[in-house]
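# A look at the structure
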Amino acid sequence: MPQFRYVAKNMEGKTMRGVLEASGENVLQQQLKEQGLFLIEAKDAKGSKKVYKFSSAQLAEFCREMSTLLASGVSIVRALEITADEEGLAASRRAVYLEILSELKKGTSLSEAMEMGGSFPELMLGMIRSGEGSGNIDAVMARLSLHYERENRLKQQVRSAMTYPAVLLVMSAAVVILIVTFILPQFEELFSEMESLPMATELLLAISDFLVSKWYLALFMVFVIGILLRIILKIYQVRRTVDFIKVRMPVIGKLNKVIYTARFARTLSSLYSSGMPIVAALQTAGGTIGNLYVEEQFEQVAITVRSGVPLSQALKEVDGLLRKLSSTILVGEESGRLDTMLDSIAMTMEEEAEAATKRLVTMLEPVLVCLMAMVVGFIIIAVMLPIYDSYSAIEGSA
């Protein structure tokens, strides 16, 4: 079993370092959480090759193929052989399949073999373990395929919606850099003949001179700032604060809550429907939300549910999920159809997330256009103001 060298934080924010043996990073994170620690960084202690991580689309494809083959009566070993032998498969993915196949031939269970490489998420491993216990791995694979297809679709919807604002922002920055570095220097000779310049013009000329003569320093500064931001955002307290702000921001906070609720409901539905106990399903689903502030609250939710409090009541206290989720779960608890209601709320939330994302992009577009207009307007005013003052002075002396 691989050993991981980890950096973690305790509840007081103190940095803890050490080495632990775990089958994967997800398992390591769970082990540390049981000790009251939150994982910040983990590296293979032996310096082995980087673990290959599957995307949502790749996981959906893998589960769909396995489900079809297993439902047809093909053995797990043979199904993996067919999957690994697929034409056009990337070498890294093929290597993962072959490693699993090798472990299966030694008598290892599918979930244990998949866990060893650390390439598959804990959600998937947990559902496969449940499927192995109940003997319906083909049905579990089919549900996992649907789960990751929906997850991938939601990611693609958000990514597609944000493409236009991102392109607009990049184009705006490019236009400003072009004006400052190529067009503005043409006016320097004219400005040098003037006795005094407005502060805005002097500032703009200083920026222009710096970007033209020391562009390499500007690039270096951008690079350093980027690295520093990545380091800072890995600090536990900073990351938790940022994630807290994500659910409290106006407009964007509501969108994030919709996305978190959809992700949690879909994951919990998949785990619970596969036969996993509700407390274990809660702990796993709570760790897939993607927001540290929200995820931390599920430790208390699991304790509350274990003590006998209904799930709908426990989820009401979670800051970061929509109240609609607990109301829907309450109906499922009263009717005895919790898995159906979870699946229903997940689909509803995904549709709401798509609509909310489109609304956000609709609002972002005019904001970015106004921002670009303000920057370009400032440049034009800074250039034209000394010229206008010069003409006014000439007219006054005539």
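Throughout what follows, the structure given in this document is the object of discussion. (Residues numbered from 1 in each chain as written. Predicted model: local features only at pLDDT ≥ 70, side-chain atom pairs only at ≥ 80, totals over all residues. Heavy atoms only, no water.)

Across its full length, the protein chain carries 18 helices and three strands. Along the three orthogonal principal directions, the C-alpha set of the protein chain runs to about 100 × 50 × 45 Å. Here the protein chain holds 398 residues, and 39% of them are scored as buried. Counted over contacts in the protein chain with a minimum sequence separation of 6, partners at least 24 positions apart contribute 60%. Between the averaged position of the 40 positive side-chain charges in the protein chain and that of its 44 negative side-chain charges there is a distance of 6 Å. (Helix = DSSP H or I, 4+ residues; strand = E, 2+ residues; numbered from the N terminus. Buried < 20%, exposed > 50% of the residue type's maximum accessible area, 1.4 Å probe, protein only. Contact = heavy atoms within 4.5 Å. Lys, Arg positive; Asp, Glu negative; His and termini not counted. Charge placed at Lys NZ, Arg CZ, Asp CG, Glu CD.)

With that settled, the discussion passes to the pairing of strand β1 (residues 3-9). Burial of β1 is extensive: five of the seven residues sit out of reach of the surface. Pairing of β1 with strand β2 (residues 15-21) involves seven bridges; the strand directions are antiparallel. Residue pairing in the sheet places Arg5 in a bridge with Val19 of β2. (Pairing = 2+ DSSP bridges.)

A few words on the packing of helix α5 (residues 110-117) against helix α6 (residues 122-134). Their axes nearest at 9 Å, the elements α5 and α6 cross at an angle of 165 degrees. By the angle between their directions, the pair α5 and α6 is classed as roughly antiparallel. The hand of the α5/α6 crossing is left-handed. Contacts from Leu110, Ser111, Met114 and Glu115 of α5 reach α6 at Met124, Leu125, Ile128, Arg129 and Glu132. (Axes fitted to C-alpha atoms, helices over the stretch in contact; angles between N-to-C directions. Parallel < 35°, antiparallel > 145°, perpendicular 65-115°, else oblique. Left-handed = near helix turned anticlockwise from the far one by under 90°.)

Let us look at the side chain of Ser326. Within the secondary structure, Ser326 is located in helix α17 (residues 323-335). Ser326 sits in the buried class, given a relative accessible area of 4%. Setting aside residues no more than four positions away along its own chain, Ser326 makes contact with Ser312, Leu315 and Lys316.

Okay, the nonpolar core next. Core analysis: the biggest nonpolar cluster contains 70 residues, and Phe62, Phe120, Met124, Met141, Phe264, Phe298 and Leu315 have the highest contact counts within it. Sequence-distant contacts of Phe62, that is, excluding residues within four places in its chain, are made with Leu80, Thr83, Tyr97, Met114, Phe120, Met124 and Met141. Residues Val180, Leu184, Met194 and Ile387 belong to the second largest nonpolar core, which totals 11 residues. (Core = buried A, V, L, I, M, F, W, Y, C linked by side-chain atoms within 4.5 Å.)

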